[in-house]
Amino acid sequence: TSAATGEKSGKIGMNETLLGLAAPPWMGKLMVRTIGNRATEKSLALGTLYSPEEALRIGLVDEVVSQDKVIIRARKEATKWAGIHPQGRVTSKLLTRKEHIDELLINRKEDMKQFCAMVQDP
């Protein structure tokens, strides 16, 4: 799946550590699968927020487009994906994600319990 952001508009990342929190385990694992283990480790530990150009460089987003073209580009990308037969697209996606989805479902209650405890304990 593609992600796009408007140039020079905001930051993207996870800055929970700057607030004294840890990222939810499932989100950290997703980030590892997206940008790699070492980059995620540094990013989460430092609470790094990336500019669009930095996010593109590390693979957090697939492209950066000007703000006035975000909607046009998003529609073009959505049309491309919509043109693929749903059964093939879903089956292919599950081949690469089923293991992670299953793990998320199995650990959902424990992840929520840990997160709530962390937020409630100053």
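In case you missed it, the structure is sitting above this.
What you see is a predicted model, and the numbers here were worked out from it, not measured in a lab.

Rules used in this analysis
Residues numbered from 1 in each chain as written. Predicted model: local features only at pLDDT ≥ 70, side-chain atom pairs only at ≥ 80, totals over all residues. Heavy atoms only, no water. Salt bridge = Lys/Arg side-chain N within 4 Å of Asp/Glu carboxyl O. Helix = DSSP H or I, 4+ residues; strand = E, 2+ residues; numbered from the N terminus. Buried < 20%, exposed > 50% of the residue type's maximum accessible area, 1.4 Å probe, protein only. Polar contact = N/O pair within 3.5 Å; in protein donor to acceptor, adjacent residues only side chain to side chain. Contact = heavy atoms within 4.5 Å. Axes fitted to C-alpha atoms, helices over the stretch in contact; angles between N-to-C directions. Parallel < 35°, antiparallel > 145°, perpendicular 65-115°, else oblique. Nonpolar A, V, L, I, M, F, W, Y, C, P; charged D, E, K, R; others polar.

Colleague: What is the right way to read the pattern of salt bridges from this model?
Modeller: Any two side chains of opposite charge can pair, so long as their charged atoms come close to each other. Overall, the coordinates contain seven salt bridges when judged by the stated rule. For the salt bridge of Lys29 with Glu103, the shortest nitrogen-to-oxygen distance reads 2.3 Å. In this pair, Lys29 sits in helix α1 (residues 25-35) while Glu103 sits in helix α5 (residues 86-120), placing the two residues 74 residues apart along the sequence. Residue Glu103 is classed as partly exposed on the basis of its relative accessible area, which comes to 30%. Across the pair Glu77 and Arg73 runs a salt bridge whose closest N-O atoms are separated by 2.9 Å. Of this pair, Glu77 and Arg73 both sit in helix α4 (residues 70-82), four residues apart, which is roughly one turn of the helix. Residue Glu77 is classed as buried on the basis of its relative accessible area, which comes to 10%. Of the residues examined, Arg73 reaches a relative accessible area of 21% and is grouped as partly exposed. Residues participating in the shared-partner salt-bridge network are Glu63, Arg73, Glu77 and Lys80.

Colleague: Just checking my understanding: could you explain the side chain of Ser43 for this structure?
Modeller: For Ser43, the location among the structural elements is in helix α2 (residues 37-46). A distance of 3.3 Å separates polar atoms of two side chains, one belonging to Ser43 and the other to Tyr50. If near-sequence neighbours (up to four positions away) are discounted, Ser43 is found in contact with Met14, Met31, Thr48 and Tyr50.

Colleague: Looking at this model, I keep getting lost on the environment of Gly28. Mind explaining?
Modeller: Here Gly28 shows up in helix α1. Look at Gly28 and you get buried, because its relative accessible area is 11%. Placed eleven residues apart in sequence, Gly28 and Thr17 show a C-alpha to C-alpha distance of 12 Å. Apart from the residues lying within four places of it in its own chain, the contact partners of Gly28 are Thr40 and Leu44.

Colleague: Can you help me understand the packing of α1 against α5 in this one?
Modeller: The relative placement of two packed helices is expressed as an angle between their axes plus a distance between the axes. Two elements in contact, α1 and α5, have axes whose closest approach is 9 Å; the angle formed by their N-to-C orientations is 140 degrees. Judged by the inter-axis angle, α1 sits oblique to α5. Along its contact with α1, which presents Pro25, Trp26, Lys29 and Arg33, the element α5 presents His100, Glu103, Leu104, Asp111 and Gln114. Partitioning the contact of α1 with α5 into residue classes produces three nonpolar, two polar and four charged.

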